[in-house]
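# An overview of the molecular structure
Here is what each chain is made of, one letter per residue.
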Amino acid sequence: MKQFSNIFLLLSTIALLSCTPAADRRICFFGSSVCRGVGADSLHGYAWQYSQRLPNSWSIVNISVDGNDTYDLLARFDADLLPDDSRFVVIGLSLGNEGLHEDGEAAVLSYKENLLTLVRKIRELGRIPVVMGSYVRADFNPVDYEDLLNTNLEMMQWQVPFVSFLGALDDGRGRWADGFWNKQDKWHPNTAGHRELCSAIPPTFFQALAQGKPLPLRRDVTPSQQISNVSFVPEPGLSSYTLSYTSRDSVYTTVHSAVRHTTWRYVNKHCVDTIATDEVPDMFTVTGDCLRDLFFYRTPLSPREVATLAEGAMLHGSLEIYAPLTGDNPAENLALTLNTLKINQHY
């Protein structure tokens, strides 16, 4: 009888697992041409590339349409999105398609307003929205770039899961970095460019969301322990990054752009060093005096984002690790990933 009960329990467990909706582990990419993969070989753009990093039980569907802007997504929301029951919906649009280069501030306003409407409508369906940030373009001018920077900084603070694409391919003027577009198609990155966008998405981002992990909130807590050395291994596929932490009363930030082959070092809001390098560590070790507020991003923050973070804001786009290094569990990572860090030394 006991053996029969064990067999029955095993069969019941298998049946329950087999009834788990596949849609709970499916991501729908709902955007425009870059989200569809245009510019990459065989349309293997950032969405497809990211799917290769997901566990085997996960899948994606891509219903992106070339040339779409926020108005287009709202117009085809019922016809195209409602039939798909993916738990996660990625909104992948650009300010370029919205008319930034032509319409300036009007495009920025419609882009932000309509994105938030899309987020609300997706949540009303009981699904989880994820917003991919805008990116550079070959014909953007200094005014366009200023709008891009301001918009990205604002969206980094929205209360919605967000991936920051802006720094990934930025040449420092709001245009595609050399080698990451084909010099003829001003609208799209090439395969290598899509790879940089993919790298800005933490590999365990959706798994953390699936587990119900909330958006991180910045903690303002006096350190309960004097921590002087921590380390962590970044998730696979890292290219560009930003590492920021507070040691005693100063904020130290390192920003690395793979496409610009450059690393910048900041103390508080001020850049103190610029280094030409392609080095990306396999493991990061941070030492200091009474460490706290460790942030690790899979994207290079802009100087104004570095300053805003140093001033105490929470920027969560492409954030892989946020460890306040305080409280009962100082090694806890509050970012929307499953990565961990190790405390090596107290004093």
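In this text the structure is predicted, and so the values were computed from the model without any measurement. (Residues numbered from 1 in each chain as written. Predicted model: local features only at pLDDT ≥ 70, side-chain atom pairs only at ≥ 80, totals over all residues. Heavy atoms only, no water.)

### A few points about the overall build of the protein chain
When you go through the protein chain residue by residue, the secondary structure sums to 12 helices and 14 strands. Taking 2.2 N^0.38 as the reference for a compact globule, 347 residues should give roughly 20 Å; the C-alpha atoms of the protein chain span a radius of gyration of 21 Å, in line with that estimate. If you line up the protein chain on its principal axes, its C-alpha atoms span 70 × 55 × 35 Å. Evaluated residue by residue, the protein chain yields a buried proportion of 56% over its 347 residues. Summarising the internal contacts of the protein chain: among those between residues at least 6 apart in sequence, 74% fall at separations of at least 24. (Helix = DSSP H or I, 4+ residues; strand = E, 2+ residues; numbered from the N terminus. Rg over C-alpha atoms; globule rule 2.2 N^0.38 Å. Buried < 20%, exposed > 50% of the residue type's maximum accessible area, 1.4 Å probe, protein only. Contact = heavy atoms within 4.5 Å.)

### Quick look at the nonpolar core
Ranked by internal contacts, the top residues of the largest apolar core, which has 79 residues, are Y46, I91, L115, F165, I201, F205 and F206. The biggest single contributor to this core is helix 8 (residues 105-124), with six residues. Sequence-distant contacts of F165, that is, excluding residues within four places in its chain, are made with Y46, M132, G133, S134, Y135, L197, A200 and I201. Grouped together as the second largest cluster of nonpolar side chains are 17 residues, V230, Y241, L291 and L325 included. (Core = buried A, V, L, I, M, F, W, Y, C linked by side-chain atoms within 4.5 Å.)

### Observations regarding the packing of aromatic side chains
Following the criterion strictly, the structure yields 16 aromatic pairs and no others. Taking the centre distance of 4.9 Å and the plane angle of 70° together, the rings of Y46 and F165 count as edge-to-face. Linking Y46 in helix 3 (residues 46-51) with F165 in the loop between strand 5 (162-163) and helix 10 (191-199), this pair joins segments that are 119 residues apart in sequence. Assigned by exposure class, Y46 and F165 land together as buried. Considering the side-chain rings of F284 and F296, the 4.9 Å spacing of their centres and the 55° angle between planes classify their relative orientation as tilted. (Phe/Tyr/Trp six-rings, centres within 6.5 Å; stacked < 30°, edge-to-face > 60°.)

### Comments concerning the sheet that holds strand 4 (residues 128-132)
Spatially, five strands are ordered 2-1-3-4-5 in an open sheet, and the strand pairing comes out parallel. Each of the sheet's edge strands pairs with one partner strand only, and the pair in question is strand 2 (59-62) and strand 5. Bridge count between strand 3 (residues 88-92) and strand 4: five bridges; the pairing is parallel. Bridge pairing links V90 to V130 in strand 4. Of the strands in this sheet, strand 1 (26-31), strand 3 and strand 4 touch helix 8, which is tilted by about 155° from strand 4. (Pairing = 2+ DSSP bridges. Axes fitted to C-alpha atoms, helices over the stretch in contact; angles between N-to-C directions.)

### Section: the environment of N97
One can find N97 in helix 6 (residues 95-98). Through-space distance from the C-alpha of N97 to that of L81 is 20 Å; in sequence the pair is 16 residues apart. If we skip the residues at most four places from it in the chain, N97 touches S32, G67, N68, D69 and R137.

### Considering the pattern of salt bridges
Taken as a whole and assessed by the stated rule, the structure comprises 17 salt bridges. Linking E311 and K269 is a salt bridge whose minimum nitrogen-to-oxygen distance equals 2.8 Å. With E311 in the loop between helix 12 (303-310) and strand 13 (319-323) and K269 in the loop between strand 9 (262-267) and strand 10 (270-276), this residue pair connects regions lying 42 residues apart in the sequence. Of the residues examined, E311 reaches a relative accessible area of 53% and is grouped as exposed. Connected through shared salt-bridge partners, R26, D84 and D85 make up one network. (Salt bridge = Lys/Arg side-chain N within 4 Å of Asp/Glu carboxyl O.)

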